[in-house]
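# Chains, contacts and geometry: an overview
Take a look at the letters that make up each chain.
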Amino acid sequence: MNMLRQRLSRWIQARVLQGVVPGPHDIAIRKNLRVSMDDGIELLADLITPLGETDPRLPAIVIRGPYGRSGPVANQARALAREGFPVLFQSCRGTWGSGGVFTPQIDEQRDGIATHRWVRKQPWCTGSVVTYGPSYMGFTQWAVAGKLQKEDPAIAPDALCLLVTMPDFGAITWDNAAFSLRNALGWTQMMDRMIHREMLALVLGQLRPDSKLRKAFDALPLADGDRTANGRRVHWYQDWVAHEQLTDEYWTQQSHTASVPEVTAPVFMITGWYDIFLPWQLRNYAQLVEAGRTPRLTLGPWGHISRGMGAPTINESVEFLREHFTGAPSTRAAPVRAYLTGAEHWHDLQSWPPPGTVTDVRYLQSAGGLATERPEGGTTSYVYDPADPTPALGGPSLQPNSGPVDNTAHERRGDVTVFRGEPLGAPVTVAGEPVARIRFRSSQPSADLFVRICDVHPDGRSMTVCDGIRRIGSIGSAATDPEPDADGFREVEVPLWPTFHRFGSGHRISVQISSGAHPRYARNPGSGEPAVTAATLHRATQEISHDSAAPSRIDLPVWSS
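Calculation rules
- Residues numbered from 1 in each chain as written.
- Predicted model: local features only at pLDDT ≥ 70, side-chain atom pairs only at ≥ 80, totals over all residues.
- Heavy atoms only, no water.
- Pairing = 2+ DSSP bridges.
- Helix = DSSP H or I, 4+ residues; strand = E, 2+ residues; numbered from the N terminus.
- Axes fitted to C-alpha atoms, helices over the stretch in contact; angles between N-to-C directions.
- Contact = heavy atoms within 4.5 Å.
- Parallel < 35°, antiparallel > 145°, perpendicular 65-115°, else oblique.
- Nonpolar A, V, L, I, M, F, W, Y, C, P; charged D, E, K, R; others polar.
- Phe/Tyr/Trp six-rings, centres within 6.5 Å; stacked < 30°, edge-to-face > 60°.
- Buried < 20%, exposed > 50% of the residue type's maximum accessible area, 1.4 Å probe, protein only.
- Lys NZ or Arg CZ within 6 Å of the ring centre and 35° of its normal.
- Expected span 1.5 Å × (residues − 1).
- Disulfide = S-S within 2.5 Å.
- Left-handed = near helix turned anticlockwise from the far one by under 90°.
- Core = buried A, V, L, I, M, F, W, Y, C linked by side-chain atoms within 4.5 Å.
- Salt bridge = Lys/Arg side-chain N within 4 Å of Asp/Glu carboxyl O.
- Right-handed = clockwise from strand over helix to strand, strands pointing away.

If you walk across this open sheet you meet the ten strands as S1-S2-S4-S3-S5-S6-S9-S10-S11-S12, and the pairing is mixed. In this open sheet, the two edge strands, each paired with only one partner strand, are strand S1 (27–36) and strand S12 (345–349). Strand-to-strand twist in this sheet, taken as the mean axis angle between neighbours without regard to direction, amounts to 20°. For strand S2 (residues 42–50) and strand S4 (residues 87–91), the ladder comprises four bridges, and the chain directions are antiparallel. From the neighbouring strand, Leu47 faces S4, where its bridge partner is Leu88. This element, helix H3 (residues 108–119), spans S1, S2, strand S3 (60–65), S4 and strand S5 (129–134) of the sheet and lies at about 155° to S3.

A few words on the packing of helix H6 (residues 181–195) against helix H7 (residues 199–207). In contact at an axis separation of 9 Å, H6 and H7 are set at 150° when each is read in the N-to-C sense. By the angle class used here, H6 and H7 are roughly antiparallel. Listed contacts from H7 to Met190, Arg193 and Met194 of H6 are Ala201, Leu202, Gly205 and Gln206. Considering only residue class, the contact of H6 with H7 consists of four nonpolar, two polar and one charged.

Glancing now at the packing of aromatic side chains. Applying the stated criterion to the full structure yields 22 aromatic pairs. Measuring from ring centre to ring centre gives 4.8 Å for Phe139 and Phe169, while their planes differ by 35°; the resulting arrangement is tilted. Taken as a pair, Phe139 in helix H4 (residues 136–151) and Phe169 in helix H5 (residues 169–173) lie far apart in primary sequence, 30 residues in all. Each member of the pair, Phe139 as well as Phe169, carries the same accessibility label: buried. Look at Trp174 and Phe179: their rings are 4.9 Å apart centre to centre, the planes differ by 50°, and that puts the pair in the tilted class. Of the aromatic side chains, those joined through ring pairs into one cluster are Phe102, Tyr136, Phe139, Phe169, Trp187, Trp236, Trp240 and Phe277. Between Arg337 and the ring centre of Trp346, over which it is positioned, the NZ or CZ distance is 4.4 Å. The residue whose ring lies beneath Arg520 is Trp497, and the NZ or CZ to ring-centre distance is 5.7 Å.

A few words on H4. Helix length check: H4 (16 residues) gives 23 Å between terminal C-alpha atoms against 22 Å at 1.5 Å per residue, within 8%. Counting buried positions over the 16 residues of H4 gives twelve, a clear majority of the element. Turning to H4, its buried residues number three or more, namely Tyr136, Met137, Gly138, Phe139, Thr140, Gln141, Trp142, Ala143, Val144, Ala145, Gly146 and Leu148.

Moving on, we get to the state of the cysteines. Within the structure shown, the criterion is met by zero disulfides. Looking at the unpaired Cys161, the closest cysteine sulfur is the one in Cys125, lying at 16 Å. Exposure remark for Cys161: the relative accessible area of 0% places this residue in the buried category. The thiol sulfur of Cys454 is not disulfide-bonded, and the nearest other cysteine sulfur, from Cys466, lies at 9.1 Å. Relative accessible area serves as the criterion here: at 0%, Cys454 is assigned to the buried category.

For the bond running from Leu220 to Pro221, omega is -5°, close enough to zero to count as cis. Position of Pro221 among the secondary structure elements: in the loop between helix H8 (211–217) and helix H9 (225–230). For the bond from Trp352 to Pro353, the omega torsion is -10°, close enough to zero to count as cis. Relative to the helices and strands, Pro353 resides in the loop between S12 and strand S13 (358–364). Phi at Asn32 is positive, roughly 60°, even though this residue is not glycine. With respect to the secondary-structure elements, Asn32 resides in strand S1. Unlike most non-glycine residues, Glu344 shows phi in positive territory, near 60°. Locating Glu344 in the fold gives a position in the loop between strand S11 (336–340) and S12.

With that settled, the discussion passes to the packing of H6 against helix H10 (residues 235–242). Two elements in contact, H6 and H10, have axes whose closest approach is 10 Å; the angle formed by their N-to-C orientations is 160°. The orientation of H6 with respect to H10, classified from their angle, is roughly antiparallel. As H6 packs across H10, the resulting crossing turns out to be right-handed. Between H6 and H10, the residues in contact are Leu181, Ala184, Leu185, Trp187, Thr188, Met191, Asp192 and Ile195 and Trp236, Tyr237 and Trp240, respectively.

Ranked by size, the top nonpolar core spans 97 residues in total, and within it Phe179, Tyr237, Trp273, Trp352 and Ile513 carry the most contacts. No other element matches H6, which puts seven residues into this core.

Counting through the fold element by element, Ala311 comes out in helix H13 (residues 310–326). Separated by 292 residues in sequence, Ala311 and Gly19 have C-alpha atoms that sit 5.2 Å apart. Those residues within four positions of Ala311 in sequence are excluded, and the remaining contacts are Gln18, Gly19, Val20 and Glu316.

The next thing to look at is the pattern of salt bridges. Summed over the entire model, instances satisfying the criterion amount to 38 salt bridges. Here Arg57 ties to Asp55 by a salt bridge, and the two come within 2.9 Å at their closest N and O atoms. For Asp55, a relative accessible area of 25% translates into the label partly exposed. Ionic pairing is found between Lys147 and Glu151, a salt bridge with its closest N-O pair at 3.1 Å. You can see Lys147 and its partner Glu151 sitting in helix H4, four residues apart, about one turn around the helix. Residues joined by salt bridges that share partners form a network here, namely Asp39, Arg93, Asp107, Arg110 and Asp111.

With that settled, the discussion passes to the side chain of Ser135. Along the chain, Ser135 falls in the loop between S5 and H4. The contact partners of Ser135, leaving out residues within four places of it in the chain, are Tyr67, Leu163, Val164, Thr165, Phe169, Phe277 and His304.

Quick look at the pairing of strand S9 (residues 267–274) now. Remember that side chains alternate between the two faces of the sheet whenever the strand is regular. Within S9, eight of the eight residues are buried, which leaves it mostly tucked inside the rest of the structure. With four bridges connecting them, strand S6 (residues 159–163) and S9 associate as parallel partners. Following the sheet pairing, Leu160 is matched in S9 by Val267. Where S9 lies against strand S10 (residues 296–303), six bridges are found, and the strand directions are parallel. Opposite Gly272, over in S10, you have Gly300 as the bridge partner. With helix H12 (residues 278–290) bridging S9 and its parallel neighbour S10, the resulting β-α-β unit is right-handed.

Set out below in structure tokens:
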């Protein structure tokens, strides 16, 4: 790159990655390197190397992803190279010039292993190799790390930087048996347009609401969603909607959760309270801790693509790698840094959840209250109509607007029921994964329970804290459905998104219950038929029991700092 291009590249980095000061090195870029896979397919990669004298102890970095070798992650790759790291940025099979057919998740282990074997033989490889990347580029890291550590440790990654990611995309696609329609179909439309190089439609779809996608969210059966969104079938989307059971081989062959404890290399994780992968990433963190590892974790006030995460991602990754490979000092006061929402400040913690949390049980009352005393009986009922589904309001998404929203108007809907506590006399800090245990009965064979905790401010705003969903009576939930009692009620356990939130003095803790959040989750037709073919919608009367002997409740992990 000549001097003018170097300056322009630095200027772009400073604009895109605000808060990241470009490193001391100019960079060179070799485009379209061909890397042969074991089956002869060639994948394309760009090599970004620092110019001038660098610390030979710094590792080479491998990034593998399907979104092209330009854009936000390319800016991150160049920022890392300016800090002295050689970076190989590779396009996955079937994307952006790489050979073969793109089948999400399926080929990443074998292709990743072949790539790592190739990288170790290159003259620019410093002797150590680490992996880096967000989202799908984190999945590609998990796909190889545990398996290589167990079977070929000589080429296993020497460290991992895992950013807003998880090792099992089936678990998020069928989240507690509910299909994550908005993410699955929106991502499918985007990737299909990338593969077919429909760049105008791709760009316009990012700049404004896409009418085809909005129409596709309402398509029935679910199998028609891809054709409505893009005008053609997309093979992986058809596979997703056809495989509701996460025990199917289709999903188990691409899950790398079981191999997480095999990873012995240093791990840095960063995520946000409103990220789509948050619960699973924190469970992976717990797996590593239970295996005796010491992962580093940063939890911030971000969604999946929040711009505010850019600077911490680069700065903390660079510090983490320098510390482990060159012995540079760390500025971390503790292994975990977590942002406390509601109080709006950071905490340094020895682990997550923080030691000393206790379970605070709050019971749902028949008159709409939420209290520590058991209820005296009764039921609360509402009608869910999938022809007019309860809409999604906020929540984690692939859009930049993830975060708390005001639920006040939403809670006036007839298909949303609310249980609200009295004003708090002292602050309450929730730290961990709340769990709702709802005694529930539906007039239809299958139903969803969507539970949300809100922070009701003294001025009346009801702001989202966290939420979760669980489907019962479906093919995907059959193995875990609780048995009904003699009256047809089941105790349905709904794990909510992890949170670190302080309810201030005078605020109220509120629990909101409904039977959907469309199109974040596909509406439940009610029949229990296979989701891939179900096309008839059934209204349902839903009931919540307040029996004092087996009350509906929410368990809050409360922390006293």
